Amino acid sequence: MKMLLVRKFRVLILMVFLVACTMHIMIDLLPRLERRGTEGRPGCSCPPPAAAPPRAAPRWPSKHTLRILQDFSAEPGSNLSSQSREAAERAAGGGGGGGAGGGGAAAAARTRRLIAPGAPRPPPPAAAAPLAALFQHPLYRAALPPLAEGDLLFNVNSDIRFNPRAAEQPEWQNEDNEEFLPTGETSIDSYPNWLKFHIGINRYELYSRHNPAIEALLQDLVSQKITSVAMKSGGTQLKLIMTFQNYGQALFKPMKQTREQETPPDFFYFSDYERHNAEIAAFHLDRQVKWICVERKVEILILDFRRVPPVAGRLVNMTREIRDVTRDKKLWRTFFISPANNICFYGECSYYCSTEHALCGKPDQIEGSLAAFLPDLSLAKRKTWRNPWRRSYHKRKKAEWEVDPDYCEEVKQTPPYDSGTRILDIMDMTVFDFLMGNMDRHHYETFEKFGNETFIIHLDNGRGFGKYSHDELSILVPLNQCCRMRKSTYLRLQLLAKEEYKLSLLMKESLLKDKIAPILYQPHLEAMDRRLRIVLKAVSDCIEKDGYDNVVENDFNTDVNTVTTER
């Protein structure tokens with residue numbers, strides 16, 4: 001009798017296991033079966049269409065696709081800037097509805113000015129530096145548009161109090177409880193530079209081209225006295241949050257690789273190092289590639305939005321500027337002296353936080369990047385969106401976009417990609433990541449106040465510039481599948497491919513301004529020129545296949561032959 005009960009129990013366990021496996025397989029196969037059914041393939045009761053259209057017929061996205069594309073900003077902790085993959089996964093767990101687009105009427109009423117693609121281009125001065133010559137080009141000379149009240153992240157005449165404390169790190173409270181209250185009665189010159197940066201954020205850009213506070217903020221990042229240091233929680237790799245004497249804060253990523261080292265070929269993209277010099281180079285690339293405006297006679301639209309927060313390199317004294325000022329006991333306990341008499345520490349994180357992967361100074365000096373913080377989440381909430389072309393983050397499984405060549409058609413029917421410019425913003429981000437070789441764009445963020453009519457913030461660029469000898473073509477899959485690009489983006493990429501405005505030369509000159517230059521190894525600069533040619537070839541192939549008007553989004557709206565001059 002006892003043996004009979006044991007056998008029955010074993011059979012029951014086996015049946016439960018088989019049922020669970022069957023359900024798992026059915027869930028995985030359901031989206032593919034739905035797609036095959038709508039295309040008239042075997043297994044569909046509907047007759048196939050009489051004639052195949054030249055482009056893939058639009059399909060309503062499956063439930064599986066809707067789930068992976070939805071906005072996760074309603075989840076606690078989803079607004080954390082520079083999220084790690086694990087933190088992003090936790091934020092994505094519950095799911096939430098996509099945000100409705102706001103400010104559409106205001107955007108339609110806003111004026112725009114564009115420049116004709118055939119406008120004359122003056123030759124650069126013979127003795128001019130590459131950057132100086134570039135900024136003399138008509139595409140780089142335009143006035144800023146007038147901003148409505150709803151286009152500003154903050155109204156400086158409001159009663160909002162800007163508190164330097166980070167909302168997600170309450171232990172860093174200022175003991176004096178000091179706050180900055182910008183009102184119309186105080187000159188903006190009296191504000192700290194980090195606050196000038198915050199109040200300058202608007203619907204179209206993190207900062208304006210001619211904002212002098214940005215250069216001053218970069219100087220603050222490398223010169224301001226560090227008064228407090230703590231580890232950033234929830235990261236895959238060690239990151240420190242530093243507070244300065246003027247109450248500004250920045251994210252510090254220490255040096256883990258030398259300039260000439262490449263990512264080991266056996267490393268997966270999700271276990272790659274986060275490089276401090278990649279963060280610095282990404283900021284400069286974002287400024288140079290995006291610094292273009294266009295104009296037409298009646299209206300003005302700024303297209304040169306800047307999406308990466310200011311980043312600067314700094315040489316930090318690990319003893320005086322980290323160990324002696326931190327109140328984080330977990331961080332303090334990891335400091336030690338190496339056999340070579342160098343000061344080392346390793347902190348706490350998911351990867352590379354051990355004595356074997358300790359960060360050591362020479363003897364106590366270490367390089368790192370400092371990225372300026374965005375406004376506190378209590379003042380300016382941000383939506384976190386799953387990148388439609390997010391990778392599987394698995395050693396064996398592939399993401400849906402890697403096996404479905406028509407994946408973009410589903411994306412384009414899913415909010416917020418079914419209207420507005422979000423799909424074009426994704427294409428811009430794709431080009432930006434491909435030039436850097438960044439495979440780690442799993443999520444992106446937008447400011448909640450502006451709804452869907454705003455730009456994408458490019459955070460976490462540390463896994464770029466890992467390989468100069470390899471071009472990861474899978475990063476370009478969104479562009480190859482969707483075959484869409486802004487005309488303004490296409491024109492400026494063509495401009496940066498010209499010898500007189502060569503991208504590698506512009507980047508090299510711009511990066512020399514950083515305090516820890518040189519930032520990039522020369523082969524990385526040369527790789528950017530090579531990748532730029534690959535992007536232009538991909539767009540050219542799309543145009544040959546689908547036609548220019550179906551690929552290049554005409555954001556000029558009219559033909560003009562006039563250009564603006566700087567204000």
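Residues numbered from 1 in each chain as written. Predicted model: local features only at pLDDT ≥ 70, side-chain atom pairs only at ≥ 80, totals over all residues. Heavy atoms only, no water.

A. Just the overall build of the chain, in detail. Secondary structure summary: the chain contains 18 helices and 14 strands in total. Contacts spanning at least 24 positions in sequence make up 75% of the contacts within the chain whose residues lie at least 6 apart. If you sum the accessible surface of the chain, you get close to 26300 Å²; carbon and sulfur atoms cover 55% of it. (Helix = DSSP H or I, 4+ residues; strand = E, 2+ residues; numbered from the N terminus. Contact = heavy atoms within 4.5 Å. Areas by Shrake-Rupley, 256 points an atom, 1.4 Å probe, with all protein chains shown as cover.)

B. View of unusual backbone geometry. That bond from P415 to P416 is cis: its omega, 0°, falls within 30 degrees of zero. In this structure, P416 sits in the loop between α12 (407-411) and α13 (422-436). In this chain, A517 is followed by P518 through a cis amide linkage whose omega measures 0°. The residue P518 is located in the loop between α16 (503-511) and α17 (522-546) in this model. Not every positive phi belongs to a glycine, and Y393 is a case in point at roughly 55°. Here Y393 is to be found in the loop between β11 (382-386) and α11 (400-403). For Y393, a relative accessible area of 9% gives the class buried. With phi around 55°, F465 is a residue other than glycine that occupies positive phi space. Looking at the secondary structure, you find F465 in the loop between β12 (443-447) and α14 (477-482). (Buried < 20%, exposed > 50% of the residue type's maximum accessible area, 1.4 Å probe, protein only.)

C. View of the UniProt feature "binding site: Mn(2+)" (unreviewed entry) in the chain. The sites that carry the UniProt feature "binding site: Mn(2+)" (unreviewed entry) are, in the present numbering, E274 and D460. Their sequence span is 187 residues, while the largest C-alpha to C-alpha distance among them is just 8.7 Å; these annotated residues converge on one region. Here E274 lies in the loop between β3 (249-254) and α8 (276-290). Every residue in contact with E274, bar those within four places of it in the chain, is listed here: T236, Q237, K239, K253, K256, G462 and R463. Within the secondary structure, D460 is located in the loop between β12 and α14. D460 sits in the buried class, given a relative accessible area of 15%. (UniProt positions renumbered as here; feature names shortened; annotations may be inferred.)

D. Representation of the side chain of D440. Following the sequence through the fold, D440 ends up in the loop between α13 and β12. Among the residues examined, D440 registers a relative accessible area of 9% and is labelled buried. Only 3.0 Å separates the side chain of D440 from the side chain of R463, close enough to count as a polar contact. The contact partners of D440, leaving out residues within four places of it in the chain, are Y393 and R463. (Polar contact = N/O pair within 3.5 Å; in protein donor to acceptor, adjacent residues only side chain to side chain.)

E. Expanded view of the pattern of salt bridges. Enumeration according to the criterion identifies 25 salt bridges in this entry. With its nearest N and O atoms 3.0 Å apart, the salt bridge here joins E205 to R306. Taken as a pair, E205 in the loop between α6 (193-199) and α7 (212-223) and R306 in the loop between β5 (300-301) and β6 (311-317) lie far apart in primary sequence, 101 residues in all. Take E205 and R306: they sit in the same class, and that class is buried. As a salt-bridge pair, D433 and R441 come within 2.7 Å of each other at their nearest N and O atoms. Of the two residues examined, D433 and R441, each falls in the buried class. (Salt bridge = Lys/Arg side-chain N within 4 Å of Asp/Glu carboxyl O.)

F. Seen up close, the sheet that holds strand β7 (residues 336-337). Ordered by their spatial adjacency, 3 strands build an open sheet running β7-β8-β9, and the pairing between neighbours is antiparallel. The open sheet has two free edges, formed respectively by β7 and β9 (359-360), since each of these has just one partner strand. Relative to strand β8 (residues 343-345), β7 runs antiparallel, the two sharing 2 bridges. Residue pairing in the sheet places I337 in a bridge with I343 of β8. (Pairing = 2+ DSSP bridges.)

G. Representation of the packing of aromatic side chains within the structure. Following the criterion strictly, the structure yields 14 aromatic pairs and no others. Measuring from ring centre to ring centre gives 5.1 Å for Y269 and F270, while their planes differ by 85°; the resulting arrangement is edge-to-face. Of the two residues, Y269 and F270, neither departs from the other in class, the shared state being buried. Connected via pairs of aromatic rings, a cluster forms that spans F267, Y273, Y351 and Y352. One cation-aromatic arrangement involves R391 over Y269; the distance from NZ or CZ to the ring centre is 5.6 Å. The ring of W385 has R422 lying over it, and the distance from NZ or CZ to the ring centre is 5.1 Å. (Phe/Tyr/Trp six-rings, centres within 6.5 Å; stacked < 30°, edge-to-face > 60°. Lys NZ or Arg CZ within 6 Å of the ring centre and 35° of its normal.)

H. Seen up close, the pairing of strand β1 (residues 226-231). Of all the 6 residues making up β1, 5 are buried; the element is thus mostly covered by neighbouring parts of the structure. Two strands pair when backbone bridges link them, and β1 and strand β2 (residues 240-244) are joined in this way by 5 bridges, in the antiparallel orientation. Within the sheet, the bridge partner assigned to A230 lies in β2 and is I241.

I. Region of interest: the state of the cysteines. Summed over the entire model, instances satisfying the criterion amount to 4 disulfides. Paired through a disulfide, C349 and C353 show a sulfur-sulfur distance of 1.9 Å. Judged by the torsion about the S-S bond (105°), the C349/C353 disulfide is right-handed. The class for C353 is buried, based on a relative accessible area of 17%. Each disulfide pairs two cysteine sulfurs, and for C483 the partner residue is C542, the sulfurs being separated by 2.1 Å. (Disulfide = S-S within 2.5 Å.)

J. Region of the structure containing a nonpolar patch on the surface. Taken together, the side chains of M1, L4 and L5 present a nonpolar region at the surface, about 360 Å² in accessible area. Overall, L5 belongs to the exposed group, its relative accessible area being 51%. (Patch = residues over 30% accessible without salt bridge, like charges linked within 9 Å, V, L, I, M, F, W, Y side chains within 5 Å.)

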